[in-house]
Amino acid sequence: MASLRVCCIAMLFTFCFAADPFANFELEYSYITVSPLGIPQQVIAVNGKFPGPVLNVTTNYNVVVNVKNKLDENLLVTWSGIQMRRTSWQDGVLGTNCPIPAQWNFTYQFQVKDQIGSFFYFPSINMQRAAGGFGSFIVTNRNIIPIPFSPPDGDIVIIIGDWYTHSHKALRKDLDDGKKLGMPDGVLINGKGPYRYNNTLVADGIDYETINVDSGKTYRVRVHNVGSSTCLNFRIQNHNLLLVETEGYYTSQQNYTSVDIHVGQSYTFLVTMDQNASSDYYVVASARFVNQTIWQKVTGVAVLHYSNSKGKAAGPLPDPPNDVYDTSYALNQAMSIRQNISASGARPNPQGSFHYGQINVTDVYLLKSVPPVLIDGKLRATYNGISFKNPATPMRLADVYYVKGDYKLDFPTKPMNRPPKVDTSIINATYKGFIEVVLQNNDTVVQSFHMDGYSFFVVGMGFGEWTENNRGSYNRWDAISRSTTQVFPGGWTAVMVSLDNVGVWSLRAENLDRWYLGQETYMRIINPEDHSNKTELPVPDNALYCGALASKQKKQKTSSATTIFGSSELYFTLLLVFSAVISLR
């Protein structure tokens, strides 16, 4: 009998600990006062830090994040580029989640299934990202899967973004009043203002970022653009940037002297400290596709400091690309970023083994954007003439509880010849379909397009109006796979994606002003043959309820099996183990 008990306990422990591990985090969102550009202002901190802490997990880990909302308004946190396989319930945007009320907690739980790479998290509503609340989210590879480069000597995270000294609430009011965001007040690097490289442009006394390195070593440098609306050119004085990964996929390794990083994008470079250490070097993030004469002060500058450096960085900043009269330069750089199809990604098989170029396209969606327009007297941004209005009840919750009229499955596949309107219209996409999405940017600014729940293949870019003839220029072999891509003004970008992730997923402009003004829709992807939650997990036990389901919301709980142990299944198993151990005594 005793041996049977021991056997049972062994089986239970095997069940518990052979499963994918858990990583638990606590993130408290609150306000603090800082002066990144020399002017005291209220920003959104995470665990008292601005930017927030780096969340570092390993492929296939189960991630449990308890978010405490100490702000004075609703909050949602989203995880840019994390695919949330089978669980759009955890995506953290208004179409899929009720917001976390002020002074409440909410626990996100998801698995970083078959993913590696550099991502970031941020608050997704109310323009809050313009005030902070962001941080890096890194998924490292499992030891059994080789990486396609020599292990670096260290990791460096650099968060860049345009910045306003006005609060996110003031920026939100400006947009509500029909005004533009206007030129930012500066660019921050890791939450700090520019090094005083120029006594006229940069005030004295501003705190700047110093990145400490050792001569001769190679570092993995992860860079995220978390800004509001400005593409930034990233460069390190006299150092090459060897691009190796972007948003979860290894790239063909190429050296760049500078790289345009658009709003919402993440890149990983290998940088070797091979320069003379007689002085420090500039790290620069400067505005692109703007009037450089007027926007000179919108430049972020940090310092790369060698441990044996003898002097400060000096002289003019390294030049940005000189392509004011060459529109092809930026486009050619974007299309030069290719996937490393011989490298293993999160699993032990080549990334390029999925031959996307040989799959028949089942549906084509042409999403056209234009400059914001007045609809019923309010400034709105649109795709295909529709400005998205978030539903009162998140859409999959509305499905599960049979809430009618919450949204419409009638989003047009191409622009319609009709006046623009505000609507909750989404795409009725087909599970396991293979779709082509063409983004036509007839706006006056460069835009970033983001798709939740997926990575897509960036198969083509060009200027002018897209036509079917442009398909002849598509890269059907080694196009980079990513979740955020740029669309140049007066141009188009084409992406392809296989719809194998059930849920409701946001398609949006990552530029905060356009997103806030309604340039968004969703894809609803349902598996009609799934009656046992194999392709989509059920509504989580701790789901928040609002809109037509507000009466279902229970009183806020401070702890539960989910928040402590990560899942009720694990909690139950641990109870069984504990009971078995007690019975042996």
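Just so it is clear, the structure is predicted and the values come from calculations on it, not from any experiment.

Across its full length, the chain holds seven helices and 33 strands. In terms of overall dimensions, the chain is globule-like: its C-alpha atoms have a radius of gyration of 24 Å, near the 25 Å expected for 585 residues. In the chain, buried positions account for 56% of the 585 residues. Summed over its atoms, the accessible surface of the chain is roughly 24,400 Å², and 51% of this surface lies on carbon and sulfur atoms. Taken as two groups, the 49 positive and 47 negative side-chain charges of the chain have centres that lie 5 Å from each other.

That bond from Phe50 to Pro51 is cis: its omega, -5 degrees, falls within 30 degrees of zero. Structurally, Pro51 is set in the loop between strand S2 (41–46) and strand S3 (55–58). Backbone geometry at Asn47 places phi at a positive 55 degrees, although glycine is not the residue there. Considering the arrangement of structural elements, one finds Asn47 in the loop between S2 and S3. The phi dihedral of Asn384 falls on the positive side, at around 50 degrees, and the residue is not glycine. Relative to the helices and strands, Asn384 resides in the loop between strand S22 (378–380) and strand S23 (386–388).

Overall, mixed pairing links the five strands, which are arranged S11-S19-S18-S13-S16 in an open sheet. A strand with exactly one partner marks an edge of an open sheet, and here the two such strands are strand S11 (210–213) and strand S16 (259–261). This sheet shows a mean twist of 25 degrees between the axes of neighbouring strands, independent of strand direction. In the sheet, S11 pairs with strand S19 (residues 299–306) via four bridges, with the strands oriented parallel.

This part is about the pattern of salt bridges. Under the definition given, this model contains 28 salt bridges. Between Asp214 and Lys217 there is a salt bridge; the shortest N-O distance is 3.3 Å. The residue Asp399 makes a salt bridge to Arg396 at a minimum N-O spacing of 2.8 Å. Here Asp399 and its partner Arg396 are both found in helix H4 (residues 395–400), three residues apart, which amounts to about one turn of the helix. Arg396 carries the same exposure label as Asp399, and that label is buried. Through salt bridges with shared partners, a single ionic network connects Arg129, Asp452, Arg508 and Glu510.

With that out of the way, let us pick up the state of the cysteines. Tallied over the entire structure, the rule returns one disulfide. Between the sulfur atoms of Cys98 and its disulfide partner Cys546 the distance amounts to 2.1 Å. On the sign convention where negative is left-handed, the bridge of Cys98 and Cys546, at about -85 degrees about the S-S bond, is left-handed. Here Cys546 lies in the loop between strand S33 (520–526) and helix H6 (561–565) and Cys98 lies in the loop between strand S5 (77–80) and strand S6 (105–111), a separation of 448 residues in the sequence. Neither residue differs from the other here; Cys98 and Cys546 are each classed as buried.

Bringing the environment of Thr424 into the picture now. Tracing the backbone shows Thr424 in the loop between strand S24 (421–423) and strand S25 (427–430). A sequence separation of 333 residues divides Thr424 from Asp91, and the C-alpha atoms of the two residues are 19 Å apart. In contact with Thr424, other than residues within four places in its own chain, are Phe388, Lys389, Pro391, Asp406, Tyr407 and Lys408.

On the basis of which strands lie adjacent, the open sheet formed by four strands has the order S2-S1-S4-S6 and mixed pairing. The open sheet terminates on both sides in strands that have one partner only, identified here as S2 and S6. This sheet shows a mean twist of 20 degrees between the axes of neighbouring strands, independent of strand direction.

UniProt annotation of "domain: Plastocyanin-like" (unreviewed entry) refers to residues 30–143, 155–309 and 393–529 when read in the numbering used here. Across residues 155–309 one finds 6% helix and 45% strand; the C-alpha atoms that close the span lie 20 Å apart. Secondary structure over residues 393–529 splits into 8% helix and 41% strand, and the C-alpha atoms at its two ends are 25 Å apart.

Rules used in this analysis
- Residues numbered from 1 in each chain as written.
- Predicted model: local features only at pLDDT ≥ 70, side-chain atom pairs only at ≥ 80, totals over all residues.
- Heavy atoms only, no water.
- Helix = DSSP H or I, 4+ residues; strand = E, 2+ residues; numbered from the N terminus.
- Rg over C-alpha atoms; globule rule 2.2 N^0.38 Å.
- Buried < 20%, exposed > 50% of the residue type's maximum accessible area, 1.4 Å probe, protein only.
- Areas by Shrake-Rupley, 256 points an atom, 1.4 Å probe, with all protein chains shown as cover.
- Lys, Arg positive; Asp, Glu negative; His and termini not counted.
- Charge placed at Lys NZ, Arg CZ, Asp CG, Glu CD.
- Pairing = 2+ DSSP bridges.
- Axes fitted to C-alpha atoms, helices over the stretch in contact; angles between N-to-C directions.
- Salt bridge = Lys/Arg side-chain N within 4 Å of Asp/Glu carboxyl O.
- Disulfide = S-S within 2.5 Å.
- Contact = heavy atoms within 4.5 Å.
- UniProt positions renumbered as here; feature names shortened; annotations may be inferred.

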